[in-house]
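# Per-entry structural report
So the chains spell out like this:
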Amino acid sequence: MTSSDSNTLSEAVVAYLGYRRERSPRADAEAADAAAVRNGSPSRTSAVEQMVAESLAVPVDWSRTSLGDAGRQVAAEMKRRHPGLSDLAADALGWNFTFQWR
C-alpha cells in the first residue's frame, strides 16, 4: 500500500467513525466515501469496515487491563499491524473499541 493509499484509508477510518466530530462512534459509509473522493480515490468503505472489525478482535486481558488502557493497546496494535495508518486513525479505532466494549 502506498503512502497515499494509507493516508486515504486513515482519513476514511476517521470519517467513518466520526472521530473528533461525534460524541460516540458511528458507522458512516458516506463520510468514508467522501474522504476517499476528496483524495481522488475509489471507495474505501470495505477496507475501513475490515479494519474496524480487525480492531474489535484484538485480544485484551481484561483481568489486567482497564477500558482506557485497552483502547490505547488496540490503537498501538493496529499501528503495529498497519504501519501506514495515521496516529489519528489508530486513536479512532481505539476510541471505537472502548465504546463497543462498554
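Please read these numbers as outputs of a predicted model, since none were measured by experiment. (Residues numbered from 1 in each chain as written. Predicted model: local features only at pLDDT ≥ 70, side-chain atom pairs only at ≥ 80, totals over all residues. Heavy atoms only, no water.)

### Points about the side chain of Thr-45
Take Thr-45: it is sitting in helix H3 (residues 45-56). The class of Thr-45 is buried, set by a relative accessible area of 10%. A distance of 2.7 Å separates a polar atom in the side chain of Thr-45 from a polar atom in the side chain of Asp-33. Dropping the residues within four chain positions of it, Thr-45 is found in contact with Tyr-16, Ala-29, Ala-32 and Asp-33. (Helix = DSSP H or I, 4+ residues; strand = E, 2+ residues; numbered from the N terminus. Buried < 20%, exposed > 50% of the residue type's maximum accessible area, 1.4 Å probe, protein only. Polar contact = N/O pair within 3.5 Å; in protein donor to acceptor, adjacent residues only side chain to side chain. Contact = heavy atoms within 4.5 Å.)

### Remarks on unusual backbone geometry
Positive phi is not limited to glycine here, since Arg-20 has a value of about 65°. When you line up the elements, Arg-20 lands in the loop between helix H1 (3-17) and helix H2 (29-38).

### Re the pattern of salt bridges
For the structure on display, the rule yields ten salt bridges. Glu-77 serves as the salt-bridge partner of Arg-81, at 2.8 Å between the closest nitrogen and oxygen. Placement of both Arg-81 and Glu-77 in helix H4 (residues 67-81) is noted, with a separation of four residues, approximately one turn of the helix. A residue is classified by how much of its surface remains accessible, and Glu-77, at 18% relative accessible area, is buried. (Salt bridge = Lys/Arg side-chain N within 4 Å of Asp/Glu carboxyl O.)

### Some words on the nonpolar core
Core analysis: the largest hydrophobic core is formed by 24 residues, its most contacted members being Val-13, Leu-17, Val-48, Met-51, Met-78, Leu-85 and Leu-93. When contributions to this core are tallied by element, the ones reaching two or more residues are H1, H3, H4 and helix H5 (87-100). Beyond its immediate chain neighbours, meaning those up to four positions away, Leu-93 contacts Val-13, Leu-17, Met-51, Val-52, Ser-55, Val-74, Met-78 and Leu-85. (Core = buried A, V, L, I, M, F, W, Y, C linked by side-chain atoms within 4.5 Å.)

### Here's the deal with H2
Every buried residue of H2 is listed here: Ala-31, Ala-32, Ala-35 and Ala-36. Down the axis of H2, the sector holding all buried residues measures 140°, keeping them to one side. In H2, the exposed positions angled more than 90 degrees off the buried face are occupied by Glu-30, Val-37 and Arg-38. One or two steps after H2, the chain reaches Gly-40, where phi turns positive at roughly 70°. (Arc of directions from axis to C-beta.)

### Some details on the confidence of the model for the protein chain
Of all residues in the protein chain, 97% attain a pLDDT of 70 or more, and the chain-wide mean is 93. Looking at the elements of the protein chain, mean pLDDT is at its lowest for H1, recorded as 89, and at its highest for H5, recorded as 98. (pLDDT = per-residue confidence, 0-100.)

### Let's talk about the packing of aromatic side chains
For the structure on display, the rule yields five aromatic pairs. Residues Trp-62 and Phe-97 carry aromatic rings whose centres are separated by 6.1 Å and whose planes lie at 10° to one another, so their mutual orientation is stacked. Residue Trp-62 is located in the loop between H3 and H4, and its partner Phe-97 is located in helix H5; the two are separated by 35 residues in the primary sequence. We classify Trp-62 as partly exposed; its relative accessible area is 36%. (Phe/Tyr/Trp six-rings, centres within 6.5 Å; stacked < 30°, edge-to-face > 60°.)

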